[in-house]
Amino acid sequence: MSSVSRLVSSVCKKIIKPYSPTPISLRCHKLSYLDQMVGGIYMPLALFYPKLSNTWSNKVVSQHLEKSLSKVLTNYYPFAGKLNDNISIDCNDNGVEFFITKIDCPMSEIFNHHYFEKHNLVYPSQVINNQYTYEGSLAVFQLTHFSCGGIAISMCLSHKVGDGYTFGNFMNHWATIARNPLSSEIYPISPKFDGSFYFPPTKDEDSSNVANNNIVPQREECVSKSFSISSSKLTALKARVINDSEVQNPSDTEVVSAFLYQRAMATKKLVNSSSIRPSLLHQAVNLHPPLPKHTMGNICSLFSILTKEEEEMDLARVVSKLRKEKEEVKQKYKNAKIEELLPITLEQHRKANDLLVNNSCCDLYRFSSLITFPSYDVDFGWGKPEKVISPISTSNPPIKNMFVLMSDKNRDGVNLTCSMKKQDMLAFERDEELLQFASPTS
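Given the structure is predicted, the values throughout are model-derived calculations rather than measurements. (Residues numbered from 1 in each chain as written. Predicted model: local features only at pLDDT ≥ 70, side-chain atom pairs only at ≥ 80, totals over all residues. Heavy atoms only, no water.)

1. Observations concerning the overall build of the protein chain
Right, so step 1: Secondary structure summary: the protein chain contains 14 helices and 16 strands in total.
Right, so step 2: For the protein chain, the proportion of its 442 residues judged to be buried stands at 55%.
Right, so step 3: Put simply, of all contacts in the protein chain between residues at least 6 apart along the chain, 77% involve residues at least 24 apart.
Right, so step 4: Carbon and sulfur atoms form 50% of the exposed surface of the protein chain, whose accessible area is close to 19500 Å². (Helix = DSSP H or I, 4+ residues; strand = E, 2+ residues; numbered from the N terminus. Buried < 20%, exposed > 50% of the residue type's maximum accessible area, 1.4 Å probe, protein only. Contact = heavy atoms within 4.5 Å. Areas by Shrake-Rupley, 256 points an atom, 1.4 Å probe, with all protein chains shown as cover.)

2. Regarding the pairing of strand 11 (residues 300–307)
Right, so step 1: With seven of eight residues buried, strand 11 is to be regarded as a mostly interior element.
Right, so step 2: Where strand 10 (residues 279–286) and strand 11 come together, eight bridges link them in antiparallel fashion. Paired with N286 across the bridge in strand 11 is C300. (Pairing = 2+ DSSP bridges.)

3. Considerations on the packing of helix 9 (residues 231–244) against helix 11 (residues 315–334)
Right, so step 1: For the pair helix 9 and helix 11, interaxial distance at closest approach is 9 Å and the crossing angle is 80°. Comparing their axes, helix 11 and helix 9 come out roughly perpendicular. Touching L237, R240, V241 and D244 of helix 9 are L315, A316 and V319, all from helix 11.
Right, so step 2: Considered class by class, the residues forming the contact of helix 9 with helix 11 number five nonpolar, no polar and two charged. (Axes fitted to C-alpha atoms, helices over the stretch in contact; angles between N-to-C directions. Parallel < 35°, antiparallel > 145°, perpendicular 65-115°, else oblique. Nonpolar A, V, L, I, M, F, W, Y, C, P; charged D, E, K, R; others polar.)

4. Comments concerning the sheet that holds strand 5 (residues 88–90)
Strand-to-strand pairing in sheets goes through backbone hydrogen bonds, with the strands running parallel or antiparallel.
Right, so step 1: Judged by pairing direction, the sheet is antiparallel, and its three strands sit side by side in the order 2-5-4 without closing on themselves. On the outer flanks of this sheet lie strand 2 (28–30) and strand 4 (82–84), each paired with one strand and no other. Within the sheet, the average angular offset between the axes of one strand and its neighbour, ignoring direction, is 30°.
Right, so step 2: Across three bridges, strand 4 lies against strand 5 in antiparallel orientation. Paired with N84 across the two strands is S88, which belongs to strand 5.

5. Re the side chain of Q348
Right, so step 1: The topology assignment puts Q348 in helix 12 (residues 338–357).
Right, so step 2: Polar side-chain contacts of Q348 include one of 3.0 Å to the backbone oxygen of L302.
Right, so step 3: The residues contacting Q348, other than those within four sequence positions of it, are S301, L302, F303, V329, K332 and Y333. (Polar contact = N/O pair within 3.5 Å; in protein donor to acceptor, adjacent residues only side chain to side chain.)

6. Digging into the nonpolar core
Right, so step 1: Judged by nonpolar contacts, the single largest core of 73 residues is most densely connected at F48, L69, F141, I153, F170, W174 and F380.
Right, so step 2: Top contributing element to this core by residue count: helix 6 (residues 164–179), with eight residues.
Right, so step 3: In this structure, this core is formed jointly by two domains, domain 1 (3–206) and domain 2 (221–441), each of which donates at least three residues.
Right, so step 4: Non-local contacts of F48, meaning those with residues more than four positions away in its chain, are made with M107, I110, F111, V122, F146, I151, A152, P385, E386, K387 and I389.
Right, so step 5: In terms of nonpolar packing, the next biggest core, distinct from the first, is built from 53 residues, F199, L281, F303 and L315 among them. (Core = buried A, V, L, I, M, F, W, Y, C linked by side-chain atoms within 4.5 Å. Domains from an automatic or database assignment.)

7. A word on helix 6
Right, so step 1: Along its 16 residues, helix 6 runs 22 Å from first to last C-alpha, staying within 8% of the 22 Å computed at 1.5 Å per residue.
Right, so step 2: Burial within helix 6 is extensive, with 15 of its 16 residues counted as buried.
Right, so step 3: Of the residues flanking the start of helix 6, the one acting as N-cap is D163, its side-chain oxygen 3.2 Å from the backbone nitrogen of Y165. (Expected span 1.5 Å × (residues − 1).)

Right, dumping it as structure tokens:
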């Protein structure tokens, strides 16, 4: 047992089932083609809350979360079911796993720690340690009590059921029910798991081959680090872009993604003591709209930009290319008929894959932005979180050259986590221009 794991003093496991049985008509949830493409990774998120008032005893907190979780699972019933190969989910109301733990240290020691190993203590160890072979529920939760009186609530949701948009809605829907257990307040979005209507699945006999698509990232031995970009530094980066490009309203995601991509390429060049390597940036695109906001599942596409020459590394040029590609993708979907959605999406993946294949020794950088998610508004009844952490993934090792962006507590700066090979990270985290704008937080 490691010194870190010794901090965990007790673990209790419960099974939480939907409050109301799933109707027979919804018992078989067909995976969409995009669901079939996604690997069986679990998306993790942890919310840290400071010491609660005395009315919130450990037992009361647990019961409060369990009851509200049961109710929200009635709406998000696929998470309480069982995956049937890569074809469908049997929505049998088997329930989800809910762990309760105690950790013998203050909460701040976890989220301020230099190493991500301690962060993992607030996640269910079964998911963390058995990423590829885990056969438990499609959603796994953990309530962690700290010696200081603070708590952490972590969630690991299977990507087979939905994407970040689904995760965000689930999390906020759950909090709304918990915050108002006796009122008739209705969450503004009533989820529908109808992704297969828009992205029809492949034939049963072909379903096992779909997940071999490039959407499933390869793992390599990497290290993960986190940084923060303050409001003033973000404003300075935006000003640099506005002054040097035609993009006069750059988004936080565009500016931060472009800046990190630029610095990663520059430091990679130093590591190799050579000219710039061809590099590719992958960015996910949420398809709400044009799809209805109540549609849950994997409802996203992607676009890519290729950088081959030194002058293309200019920050303003990278932002301009990102904006141009994003607008072109949005335009493709804007007036598309339902039967055109899947072909358009597959074409986007094919284009990205062709860029990778046709440029030898190309470095691929993946970006996922959760900046618009109101994660710091998740109030279960005792106030908003002090800290929100979303590591690269629950897998070991993490995905190489992966960047996850989130808004900070004040929602005017950006927190980010990235993973790279060790030698690349050593150069990246010492880059003087990066450190002018980003401060290490781990």
